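# Coordinates in review
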Amino acid sequence: MSAGFRGQVTLDGPSGTGKSSVARAVAARLGAAYLDTGAMYRAATVAVLDGGVDPDDAEAVARVVAAARIEVGTTAGEEVVLVDGVDVAERIRGAEVTRAVSPVSAVPAVRRQLVDQQRALVEAADAVVVEGRDIGTVVLPDATCKIYLTAAPEVRAERRAGQLGVTDPAEIAALAEDLRRRDEYDSSRADSPLRPASDAVIVDSTDLDREAVIDRVCELAGRAVRAGEWA
Ligand SMILES: Nc1ncnc2c1ncn2[C@@H]1O[C@H](COP(=O)(O)OP(=O)(O)O)[C@@H](O)[C@H]1O
Ligand SMILES: Nc1ccn([C@@H]2O[C@H](COP(=O)(O)OP(=O)(O)O)[C@@H](O)[C@H]2O)c(=O)n1
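An account of the accompanying structure is given in this report. (Residues numbered from 1 in each chain as written. Chains lettered and ligands numbered in written order. Predicted model: local features only at pLDDT ≥ 70, side-chain atom pairs only at ≥ 80, totals over all residues. Heavy atoms only, no water.)

## As for the site of ligand 2
Around ligand 2, a shell composed of 19 residues is seen, among which Ser15, Arg42, Arg111, Asp186 and Arg189 lie nearest. For ligand 2, an oxygen atom lies 2.9 Å from a polar atom in the side chain of Ser105. A distance of 2.8 Å separates an oxygen atom of ligand 2 from a polar atom in the side chain of Arg182. For ligand 2, whose unbound accessible area comes to 530 Å², protein coverage reaches 97%. Applying the majority rule of atoms within 2 Å of the grid points places ligand 2 in the largest pocket. Only α2 (37–50), α4 (95–105) and α8 (169–188) provide two or more residues apiece to the shell around ligand 2. Residue contributions to the shell around ligand 2 peak at 4 residues, all from α2. Residue composition of the shell around ligand 2, by class: 3 nonpolar, 6 polar and 10 charged. (Near = heavy atom within 4 Å. Polar contact = N/O pair within 3.5 Å; in protein donor to acceptor, adjacent residues only side chain to side chain. Areas by Shrake-Rupley, 256 points an atom, 1.4 Å probe, with all protein chains shown as cover. 1 Å grid on protein atoms, 1.4 Å probe; cavity = no way out; pocket = protein on both sides within 12 Å on 5 of 7 lines; lining within 4 Å. Sits in = over half its atoms within 2 Å of the grid points. Helix = DSSP H or I, 4+ residues; strand = E, 2+ residues; numbered from the N terminus. Nonpolar A, V, L, I, M, F, W, Y, C, P; charged D, E, K, R; others polar.)

## Focus: the side chain of Arg111
Within the element layout of this structure, Arg111 appears in helix α5 (residues 108–123). Residue Arg111 is classed as buried on the basis of its relative accessible area of 3%. Here the side chain of Arg111 touches Tyr41 through a polar contact of 3.3 Å, side chain to side chain. The residues touching Arg111, leaving out its near neighbours within four places in the chain, are Tyr41, Ser105, Asp134, Arg189, Asp191 and Ser192. (Buried < 20%, exposed > 50% of the residue type's maximum accessible area, 1.4 Å probe, protein only. Contact = heavy atoms within 4.5 Å.)

## A word on the site of ligand 1
Surveying the vicinity of ligand 1 reveals 15 residues, the closest of which are Gly16, Lys19, Ser21, Arg160 and Leu208. With the chains in place, 80% of the 560 Å² that ligand 1 exposes on its own is no longer accessible. Among the cavities detected, the one that contains ligand 1 is the largest pocket. Those elements that place two or more of their residues in the shell around ligand 1 are α1 (19–30), α7 (153–164) and α9 (210–230). Here the shell around ligand 1 is built from residues that sort into 3 nonpolar, 7 polar and 5 charged.

If you want it as structure tokens, here you go:
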């Protein structure tokens, strides 16, 4: 399965399972576009923080985000994230945004706005890999191939620590607590909670390296296309 893929691959799952790194590599291998929906919720959070609004004040959050122009790129190799024309690609990965993103993304009006934008970006592409929390369940219920990535919590925290260059055990424990809190928030919200779609294939990456996960996702994408051709 390489060139010639047409359709949508969705990658959902909690933080640190490898969604971004795997989705980017799969998109490159399939010659597909790539959409990081988490970057959009993070960009919305930048607008909320800069608007001086409490991330837990749903009404104020909805108002600020409705007035913000959020733009993301869909090319796997280049990260483009703009809020009102300002490059926030680096800032969205910072601790301040990570702390505030879950309450912002639990606001239904924010989700409606960003889901509309996500669907428009997907429609513009013949082939696309989309990662997030609700892509297989809500954004693209008819996607060609749905994957739900999981991994043991301690493995996810270690991966995140490795990514951020954190080695102090107390800091790793704090990262693990942050992941746990965010997963709980994302899984228990009323609108579009984090959960696998009923027709998603669950891939547990605890004991798989990155390349093995990429191979598996490409294989599943190829299989889904062939199944569609025979249907
Ligand atoms: N299967 C894997 N084994 C080991 N490390 C991985 C694996 N998949 C991803 N990683 C690494 O773990 C870190 C977090 O991955 P990332 O793709 O950002 O996860 P997510 O988008 O789900 O939060 C990155 O440094 C990435 O390179
Ligand atoms: N489709 C999505 C994607 C992200 N999100 C929210 O955005 C946050 C950040 O997503 P992300 O994918 O950048 O997070 P990481 O897994 O990279 O840490 C998540 O914790 C969710 O609160 C969401 O609600 N729906």
